[in-house]
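Residue-level listing of the chains:
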Amino acid sequence: MTTVPMPADRPATEEQARAVQDELRGRVVLDEPGPPPGTGRVTGVDVAYDDERDLVAAAAVTLDAATLEVVAEATAVGRVSFPYVPGLLAFREIPTVLAALDSLSGPPGLVVCDGYGLAHPRRFGLASHLGVVTGLPTIGVAKNPFTFAYDDPARERGSASPLLAGDEEVGRALRTRDAVKPVFVSVGHRVNLDNACAHTLALTPRYRLPETTRRADALCRRALQEATIRHSPTSRYPES
DNA sequence: GCGACAG
DNA sequence: ATCTTGTCGC
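Within any chain, residue numbers begin from 1 and follow the written order of that chain's sequence. For this description, chains carry letters from A and ligands carry numbers from 1, given in the order in which they are written. In keeping with the predicted nature of the model, local features appear solely for residues at pLDDT of at least 70, side-chain atom pairs appear and are counted solely at 80 or more, and the whole-chain, interface and lining totals rest on all residues. Heavy atoms throughout the structure, all of them, feed into the side-chain values; hydrogens and water do not.

1. A word on the protein's contact with DNA strand B
Part 1 of the argument: When at least one non-hydrogen atom of a residue lies within 4 Å of a molecule or strand, that residue is treated as near it. Close contacts around DNA strand B come from 19 residues, with Tyr 84, Gly 87, Tyr 116, Lys 143 and Asn 144 the closest.
Part 2 of the argument: What you see for DNA strand B is that sugar and phosphate hold 45% of its atoms within 4 Å of the protein.
Part 3 of the argument: At 3.2 Å from a base nitrogen of DNA strand B is found a main-chain nitrogen or oxygen belonging to Leu 89.
Part 4 of the argument: Whenever a nitrogen or oxygen atom comes within 3.5 Å of another N or O atom, the pair is scored as a polar contact, on the condition that within protein one atom can donate a hydrogen and the other can accept it, and that pairs from neighbouring residues in sequence are kept only if both atoms are in side chains. Between DNA strand B and the protein, one listed contact pairs a phosphate oxygen with a side-chain N or O atom of Asn 144 at 2.6 Å.
Part 5 of the argument: With three residues, the single largest contributor to the surface near DNA strand B is helix α2 (residues 89-102).
Part 6 of the argument: Charged means Asp, Glu, Lys or Arg here, nonpolar means Ala, Val, Leu, Ile, Met, Phe, Trp, Tyr, Cys or Pro, and polar covers whatever is left, Gly included. In terms of residue class, the surface near DNA strand B is built from nine nonpolar, five polar and five charged. Counting from the N terminus, the helices are DSSP H or I runs at least four residues long and the strands are E runs at least two residues long.

2. A closer look at helix α5 (residues 211-230)
The α-helix winds at 3.6 residues per turn, so residues separated by three or four positions along the chain end up facing the same way.
Part 1 of the argument: The span expected for a helix works out to 1.5 Å for each residue beyond the first. Look at α5: 29 Å from first C-alpha to last across 20 residues, which is about the 28 Å you get at 1.5 Å a residue.
Part 2 of the argument: Relative accessible area decides the class of each residue, using a 1.4 Å probe on protein chains only: under 20% of the type maximum gives buried, over 50% gives exposed, and in between gives partly exposed. Along α5, the positions that sit buried rather than exposed are Glu 211, Thr 212, Thr 213, Ala 216, Leu 219, Cys 220, Ala 223, Leu 224, Ala 227 and Thr 228.
Part 3 of the argument: Lining the buried residues of α5 we find β1 (41-50), β2 (55-64), β3 (70-79) and β4 (110-113). By the convention used here, residues are in contact when the closest approach between their heavy atoms is within 4.5 Å.

3. So, α2
Part 1 of the argument: When the terminal C-alpha atoms of α2 are compared, their 20 Å separation across 14 residues agrees well with the 20 Å that a helix rising 1.5 Å per residue should span.
Part 2 of the argument: Its maximal kink placed at Pro 95, α2 deviates by approximately 30 degrees.
Part 3 of the argument: Among the 14 residues that make up α2, eleven are buried, leaving the element largely enclosed by the rest of the structure.
Part 4 of the argument: Residues Ala 90, Phe 91, Arg 92, Glu 93, Ile 94, Pro 95, Thr 96, Val 97, Leu 98, Ala 100 and Leu 101 constitute the buried set of α2.
Part 5 of the argument: Looking at the buried side of α2, the elements it contacts are α1 (14-24), β1, β2, β3 and α3 (126-134). The angle between axes fitted to the seven residues ending at a residue and the seven residues starting there is what we call the bend at that residue.

4. Considering unusual backbone geometry
Part 1 of the argument: At Asp 54, a position not held by glycine, the phi torsion is positive, near 60 degrees.
Part 2 of the argument: Residue placement: Asp 54 occurs in the loop between β1 and β2.
Part 3 of the argument: According to the relative accessible area criterion, Asp 54 is partly exposed, its value standing at 32%.
Part 4 of the argument: Here the phi dihedral of Leu 68 falls at roughly 65 degrees; this positive angle occurs in a residue that is not glycine.
Part 5 of the argument: Along the polypeptide, Leu 68 turns up in the loop between β2 and β3.

5. Regarding the UniProt feature "site: Interaction with target DNA" (unreviewed entry) in chain A
Part 1 of the argument: Using the residue numbers shown here, the UniProt feature "site: Interaction with target DNA" (unreviewed entry) corresponds to Tyr 84.
Part 2 of the argument: Structurally, Tyr 84 can be placed in the loop between β3 and α2.
Part 3 of the argument: If we skip the residues at most four places from it in the chain, Tyr 84 touches Leu 89 and Arg 92. UniProt positions are given in the numbering used here, feature names are shortened, and annotations may be inferred rather than shown by experiment.

6. Side note on the state of the cysteines
Part 1 of the argument: For this text, the term disulfide refers to a pair of cysteine sulfurs within 2.5 Å. The final tally for this structure, using the stated rule, is zero disulfides.
Part 2 of the argument: Looking at the unpaired Cys 220, the closest cysteine sulfur is the one in Cys 113, lying at 13 Å.
Part 3 of the argument: When its relative accessible area of 0% is taken as the criterion, Cys 220 is described as buried.

7. Here's the deal with the pattern of salt bridges
Part 1 of the argument: Any Lys or Arg side-chain nitrogen found within 4 Å of a carboxyl oxygen on Asp or Glu counts as a salt bridge. Counted under the stated rule, the structure contains 13 salt bridges.
Part 2 of the argument: Where Asp 22 meets Arg 25, a salt bridge forms, and the shortest distance between an N and an O atom there is 3.1 Å.
Part 3 of the argument: When its relative accessible area of 38% is taken as the criterion, Asp 22 is described as partly exposed.
Part 4 of the argument: Judged by its relative accessible area of 31%, Arg 25 is partly exposed.
Part 5 of the argument: Asp 152 is the salt-bridge partner of Arg 175, the closest N and O atoms lying 3.3 Å from each other. In this pair, Arg 175 sits in the loop between β7 (168-174) and β8 (183-189) while Asp 152 sits in the loop between β5 (138-142) and β6 (160-165), placing the two residues 23 residues apart along the sequence.

8. Focus on the protein's contact with DNA strand C
Part 1 of the argument: The immediate surroundings of DNA strand C are formed by Ala 48, Tyr 49, Lys 143 and Arg 221.
Part 2 of the argument: Taking Lys 143, its side chain carries an N or O atom lying 2.9 Å from a phosphate oxygen of DNA strand C.
Part 3 of the argument: Class assignment for the residues of the surface near DNA strand C results in two nonpolar, no polar and two charged.

Structure follows, in C-alpha cells:
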C-alpha cells in the first residue's frame, strides 16, 4: 500500500480540517469504472470507540470477492485524536484505519468504508479521503442518510433511488434485502456509482450490510475489548 | 438564530 | 459510535 505525503493530515481545529478537505478534494478520481464486481479482493474497514478510555480500534478484513471468504485480517489500536463532528468523520477514523490497512498481509483491492464518499457536504467524505490518501479504489456504504433527499426505493433487493444534492446525484439509497431499510452508497475514489452499487449487491447475499463491513465491525469490536482489558485493573476481571 | 447531522 | 433485555421470526 502507498500513502501520499500529507503534513496537514491531522488538523488541530475544525476549520483546519475543512481546509484539508477542500485541498485534497481535487485529487479524487471519478472517471475510472473501478474493479469488476465479484473478482479480485475486497477489503472492509471499520472502527470502534471507547471514549471513556480514549481508545480507538480499527479493523481491515480482506475477502475473496468471488467466494466472500476471509483471506486476510488486521487490527490497530490507537488514541482518539479528533472528536466526532458531522462532516469531519475522516479525521477521527483514518489514522487508525491506515495502520490496520498497512498491517494487512496482502493487497486490499477495493476498500469498502462505513460512511460516505461523494455524498458529503463538501463532496469529500471518509471514503473519498481514504481513497486519496491510499490511492486505492474506495466506496462508501452508510447505514443512515446524511443530509440528502431521496425517495424510498421499491421493496425488492436491487432497487435504488438517487441521493440528490439539488439536481446532482451524489449517491444512491440501495435496497440490499427485500423490504428492508436501504443502505446509502456513494463513490469514494476510482470507482463509478453503478459499479459501487454492483459491488454492494455482490457483498450482500444474505444481510443488509456488506460482508466486508460485518466482518470488520466484529473484528474491531473484539480488538477494542482486548485493548480495554489490557488498560484496566486486572482485579476487576475474572481469571481465565 | 434554531435544528439536522455518516460514525 | 455507545448505552442495553427480551422478543418475534426464519
